[in-house]
Amino acid sequence: MTILHSHLKSKIAGLINSHYPSLTKSEQKVASVVVEQLEKVLYYSVTDLADVAEVGETTVLRFCRKIGLKGYQEFKLAIAKDLSTMEQEEPDEGTNFISAISNYTKNAIDETMHLINEQVLQQAINVLNEAKSVYFYGVGTSGLTAQDAKYRFIRIGRQVDAIIDPHIQAMTAATLSKGDVVVGLSVSGSTKDTIDSLSIARQNGATVIAITYYARSPITKIADYVLLSGGKESPLEGGSLASKIAQLFVIDLLCTGLALQNKEQAIKMKEKTAQAVVEKIY
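What counts and how
Residues numbered from 1 in each chain as written. Predicted model: local features only at pLDDT ≥ 70, side-chain atom pairs only at ≥ 80, totals over all residues. Heavy atoms only, no water. Pairing = 2+ DSSP bridges. Helix = DSSP H or I, 4+ residues; strand = E, 2+ residues; numbered from the N terminus. Axes fitted to C-alpha atoms, helices over the stretch in contact; angles between N-to-C directions. Contact = heavy atoms within 4.5 Å. Phe/Tyr/Trp six-rings, centres within 6.5 Å; stacked < 30°, edge-to-face > 60°. Buried < 20%, exposed > 50% of the residue type's maximum accessible area, 1.4 Å probe, protein only. Right-handed = clockwise from strand over helix to strand, strands pointing away. Arc of directions from axis to C-beta. Left-handed = near helix turned anticlockwise from the far one by under 90°. Nonpolar A, V, L, I, M, F, W, Y, C, P; charged D, E, K, R; others polar. Expected span 1.5 Å × (residues − 1).

Peer 1: Just to check I follow, could you spell out the sheet that holds strand 2 (residues 160-163) for this structure?
Peer 2: What links the strands of a sheet is backbone hydrogen bonding, and the strands pair in either a parallel or an antiparallel sense. Taken in spatial order, the five strands make up an open sheet running 2-1-3-4-5, and their pairing is parallel. The open sheet has two edge strands, strand 2 and strand 5 (225-228), and neither has a second partner. Between one strand axis and the next, the sheet turns through 20° on average, direction left out of account. Here strand 1 (residues 133-137) pairs with strand 2 via four bridges, running parallel. Note that in strand 2 the partner of Tyr 135 across the bridge is Asp 161. Along the sheet face, helix 9 (residues 141-155) touches strand 1, strand 2 and strand 3 (180-185) and points at about 165° away from the line of strand 2.

Right, here's the structure in full:
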């Protein structure tokens, strides 16, 4: 017994077909959705796929393991490799990659502008303004964004820290309490290290702000405030410039919002921090 014959050139579809008879009925529902909507599934969070297949997230994860993959991200990576190979078989002649990348990056900003909920954004700014301490958590490319956020906030006189080591994230989270704020960055919304640390922070009373592409993903379930950024990416595009710029755009909104609430102090601190490094520039 096999499922739908979509994407016959796809290795992942063949892999799913070969395991189909041994899957449970719920896992077969996931398999059918994957084979029928391969391109869409590539950009689904684990929560999205579970909703479309009308099963639980644990069923999706069991399905991934049943077909020989370690987890959902490895599953999406396999799809991305397949689709990349299939696209290479039919090259798009005359593509101007400079223009394409430029448009993709600009679209990520426009997408973020439309995704941002202004009310939630203002609430997040208010929470940050009143926080006892603020930490930015992220790993990989999101870790770089966290470090950039720290730099931006220091420039306006805010005492913040960016933590990109998962172990130190977890230990720091365990020391937090009510009044502390943690901003978690994850494009996929499924980065286990970041989510685990945010969960610890939340359990200890800290407020959690999530910046992610996926409105329905594991990170949004533990966040008090969710800010959506544009620039979706496949696993093969992990750390793409567009998604990073979209994250930085949200950070800029938060930082600018704080500066506007404390305009005189922000201007004063920008001058002081600039003066502190003036002799380090020729």
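Peer 1: How do you make sense of the packing of aromatic side chains when you look at a structure like this?
Peer 2: The geometry of two aromatic rings is summed up by the distance between their centres and the angle between their planes. Counted under the stated rule, the structure contains four aromatic pairs. Measuring from ring centre to ring centre gives 5.0 Å for Tyr 213 and Tyr 214, while their planes differ by 85°; the resulting arrangement is edge-to-face. Both residues of the pair, Tyr 213 and Tyr 214, belong to the buried class. Taken together, the ring pairs connect Phe 63, Tyr 72 and Phe 75 into an aromatic cluster.

Peer 1: What should I look at first to understand the pairing of strand 4 (residues 207-212) in this one?
Peer 2: Look at any regular strand and the pattern is simple: side chains alternate between the two faces of the sheet. Along strand 4, five of the six residues are buried, which leaves the element largely enclosed by surrounding structure. With five bridges connecting them, strand 3 and strand 4 associate as parallel partners. Counted as the bridge partner of Leu 185 is Ile 211 from strand 4. Since strand 3 and strand 4 lie parallel, the crossover through helix 11 (residues 192-203) that links them has a hand, and here it is right-handed. Bridge analysis of strand 4 against strand 5 gives four bridges, and the strand direction is parallel. Opposite Thr 212, over in strand 5, you have Leu 228 as the bridge partner.

Peer 1: Any chance you could explain helix 5 (residues 57-66) here in plain terms?
Peer 2: In an α-helix, one turn spans 3.6 residues; hence positions three or four apart end up facing the same way. Residues of helix 5 that are buried include every one of Thr 59, Val 60, Phe 63 and Cys 64, and no others. Axial view of helix 5: buried residues confined to an arc of 145°, hence all on one face. Backbone geometry just downstream of helix 5 places Gly 68 in the positive-phi region, at approximately 95°.

Peer 1: Help me understand unusual backbone geometry, please; the structure alone is not making it clear to me.
Peer 2: Leaving glycine out, the prevailing phi sign among residues is negative, and the prevailing peptide bond configuration is trans. A positive phi angle, close to 60°, is found at Glu 54, a residue other than glycine. Mapped onto the elements, Glu 54 comes out in the loop between helix 4 (46-53) and helix 5.

Peer 1: Sorry, what's going on with the packing of helix 8 (residues 118-130) against helix 13 (residues 241-261) here?
Peer 2: A packed helix pair is summarised by two numbers, namely the angle formed by the two axes and the spacing between the axes. Contact geometry of helix 8 with helix 13 gives a least axis separation of 9 Å together with a crossing angle of 65°. For helix 8 against helix 13, the interelement crossing comes out right-handed. Together, Leu 121, Gln 122, Ala 124, Ile 125, Asn 126, Leu 128 and Asn 129 of helix 8 and Leu 253, Leu 254, Gly 257, Leu 258 and Gln 261 of helix 13 make up the contact between the two elements. Residue composition of the contact of helix 8 with helix 13, by class: seven nonpolar, five polar and no charged.

Peer 1: How should I be thinking about helix 7 (residues 97-115) in this particular structure?
Peer 2: Compared with an ideal rise of 1.5 Å per residue, which puts 19 residues at 27 Å, helix 7 spans 26 Å between its outermost C-alpha atoms and is within 8% of the ideal. Every buried residue of helix 7 is accounted for by Thr 105, Ala 108 and Thr 112. Burial along helix 7 is one-sided: seen end-on, the buried residues are contained in an arc of 45°. Residues of helix 7 that are exposed and point over 90 degrees away from its buried face: Met 113 and His 114. Contact partners of the buried residues in helix 7: strand 5 and helix 13.

These figures come from the coordinates and say nothing about function on their own.
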